Amino acid sequence: MICFHGYGDDPALARAVAAAERAGVHHVVVDQQQLTGVEFELADDGTHGQVRLPGRRVALTDLTGCYARPLAPLPSPDAATAAREAELAGRMVAWLDAAPITVLNRPRAMHSNGSKPYQAQLIAAAGFAVPRTLVTTDPDAVRAFVAEVGPVVFKSVSGVRSVVRVLDEAAAERLEQVRHLPTQFQARVPGVDVRVHVVGERCFATRIESPAVDYRYAERDGLTAELTACELSDELAERCVRLAAALGLVLAGIDLKLAPEGHATCFEVNPMPGYSFFEAHTGQPISEAIVQHLADVPALV
Amino acid sequence: MPTTRRPLVTIVADADDTGARATAQAVALAAGCGTRHTVWLVPTDALARGRWHHTVDPDGTPRTHVEPWPHRRSLADDQVGVVWFRSRCPAVTPSHGAGTAADRAYAATELAALFSSWLLGLGDRVVTRPEGTSPAGAAWDATVWRALAAARGAAVSTDPASRRVLVAGDRVVGAATDAEATLARDLAEQAASRCFELTLDAHGRVVDAGVTPALTGPGHVAAAAGLLLRLAARGVAA
């Protein structure tokens, strides 16, 4: 039996649950939005215990895999409920980190994405070029960087989601603000955006054509993004699989920029990818692959 | 910028970290030099208020130059012998102290991300390998440590801790048995930490573990200082 954990209405989770239902795979959903009557009991060893759902009880040792997209507990006006749900969330995350089963992905494996320049070093070690990056508190250093590398974008250093913006004239006028907090700048890399979802050893690549700097926010900026399924060379696909594995991720969303001659630069590896957006646009069977991986693959300890 | 001698050992710690302070003093005494030139105890906030220049090249090569507040000394990559980052508190600069809670949380997250990248770039010159969200290294829940210990055949418990075993490089201090020492070394390796603490209950069962030892046990400070000096000597030799 496999487990799904997260917000029930999260499209990525909902699609995987639907795929399990279609495939007839036994599963249980621990929905963070429906925790009334739910208990998660965990023994001192961090692996034994049970999940109690209304009208159902599942031993943790009966679970062979879990697809987890744990998000912050829902706010509750009732302090006792909020405390109970926060505690349950904490136990669940600890179990996901410790359980001797296949987990997509273990919370402790997701941390590399918490620092972009940190992750960039790991990405490069796995054989991908990364964008030239500067993190600084010095406006003059930013100006020198621009003079050296040409157009640059700026974004958060951490995993906090931020809209990638071009350092244009208006933004350059605010450069003094970097003195208050180190800020990340990256050389703009020409080419086409490709998102690669790795599930175990399978790759699903999507080509994104968009005039937007950050295609995720194209619509908000009055622009479009066209998504098309595409094929990677065997070598590039293998490199993507190796990169995900090197980061300890079974499921990963890898953001590439492909230059016209085929050279790939990797920007980021998302350990909790919202693959549903890409699946919905391309029809790639990513949710099926997730369920297949959890249901078929022997447990990883 | 005045020229500074190589600070062999850099410890980044919170102001109330008495273990870090005691270790810095022990390193200075053991090295037989003035503290200033053998060990640099950098408050986390000074690092947060520092002047930073951190780059990552397309091939992943990192380069860092930081001048911790008050910007009188600098830490460039080639000056670093070893860094022990022990801080567990979110770093906040005065500029953000007056901001909203969300601003402060964002600033702390951004700074932690930068610290982690800097430390990762130092390779084996750090005592503990950082995580992306935790420059001090593995910040795992006690449940995870117990599960990892149980998977190695150790008894586990949630009773109060009554004893600490310290791993400081090759040395293990406070282990009652060889099995305890082996377990502590194995878990330290899993956490990629050369200085590691296993806490046990009165029956020798594993309660918790961590990569920022309190350094309160007998001989713990001396063992940590010895580790830092050995690593710094190796770093200089390299």
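Please read these numbers as outputs of a predicted model, since none were measured by experiment. (Residues numbered from 1 in each chain as written. Chains lettered and ligands numbered in written order. Predicted model: local features only at pLDDT ≥ 70, side-chain atom pairs only at ≥ 80, totals over all residues. Heavy atoms only, no water.)

Colleague: Can you walk me through the environment of Cys-266 of chain A in this structure?
Modeller: Checked against the element boundaries, Cys-266 of chain A lands in strand 16 (residues 264-270). Residues in contact with Cys-266 of chain A, not counting those within four places in the same chain, are Ile-123, Phe-128, Ala-129, Val-130, Pro-131, Leu-243, Ile-254, Asp-255 and Leu-256 of chain A. (Helix = DSSP H or I, 4+ residues; strand = E, 2+ residues; numbered from the N terminus. Contact = heavy atoms within 4.5 Å.)

Colleague: Would you mind going over the nonpolar core with me for this structure?
Modeller: Nonpolar side chains in soluble globular proteins tend to end up buried together. By size, the foremost hydrophobic cluster in this structure holds 31 residues, and its most contacted members are Phe-128, Val-196, Leu-243, Ile-254, Leu-256 and Val-269 of chain A. For this core, the elements supplying multiple residues, two or more each, are helix 3 (116-125), strand 12 (192-199), helix 6 (234-246), strand 15 (251-258) and strand 16 of chain A. Ranked by the residues each element gives to this core, the list is headed by helix 6 of chain A, at six residues. Leave out the neighbours within four places in its chain, and Phe-128 of chain A touches Ile-123, Leu-236, Arg-239, Cys-240, Leu-243, Leu-256, Ala-264 and Cys-266 of chain A together with Pro-58 of chain B. Counting residues in hydrophobic clusters, the runner-up holds 26 residues, among them Leu-181 of chain A together with Val-83, Leu-114 and Ala-136 of chain B. (Core = buried A, V, L, I, M, F, W, Y, C linked by side-chain atoms within 4.5 Å. Buried < 20%, exposed > 50% of the residue type's maximum accessible area, 1.4 Å probe, protein only.)

Colleague: Would you mind showing me how to read the sheet that holds strand 16 of chain A here?
Modeller: Strands in a sheet are paired, the pairing made by backbone hydrogen bonds, and the direction either parallel or antiparallel. All names here are of chain A. Read across the sheet, five strands follow the order 14-13-12-15-16 without closing on themselves; strand pairing throughout is antiparallel. Only two strands of the sheet have a single partner each, and these edge strands are strand 14 (226-230) and strand 16. Here the strands of the sheet are splayed against their neighbours by 25° on average, with no regard to which way each runs. Summarising the sheet, strand 15 and strand 16 pair through six bridges and their orientation is antiparallel. Bridge pairing in strand 16 places Leu-258 opposite Ala-264. In the packing of helix 6 onto the sheet, the strands contacted are strand 12, strand 13 (202-209), strand 15 and strand 16, and the crossing angle to strand 15 comes to about 135°. (Pairing = 2+ DSSP bridges. Axes fitted to C-alpha atoms, helices over the stretch in contact; angles between N-to-C directions.)

Colleague: So what exactly am I meant to see when it comes to the pairing of strand 13 of chain A here?
Modeller: Residue and element names in this part refer to chain A. Sheet analysis places strand 12 next to strand 13, joined by seven bridges and oriented antiparallel. Across the sheet, residue Asp-193 finds its bridge partner in strand 13, namely Ile-208. Linking strand 12 back to strand 13 in an antiparallel pair, the connection comprises two residues, with Gly-200 at a positive phi of about 60°. Sheet analysis places strand 13 next to strand 14, joined by five bridges and oriented antiparallel. Among the inter-strand pairings, Arg-207 is bridged to a residue of strand 14, identified as Thr-228.

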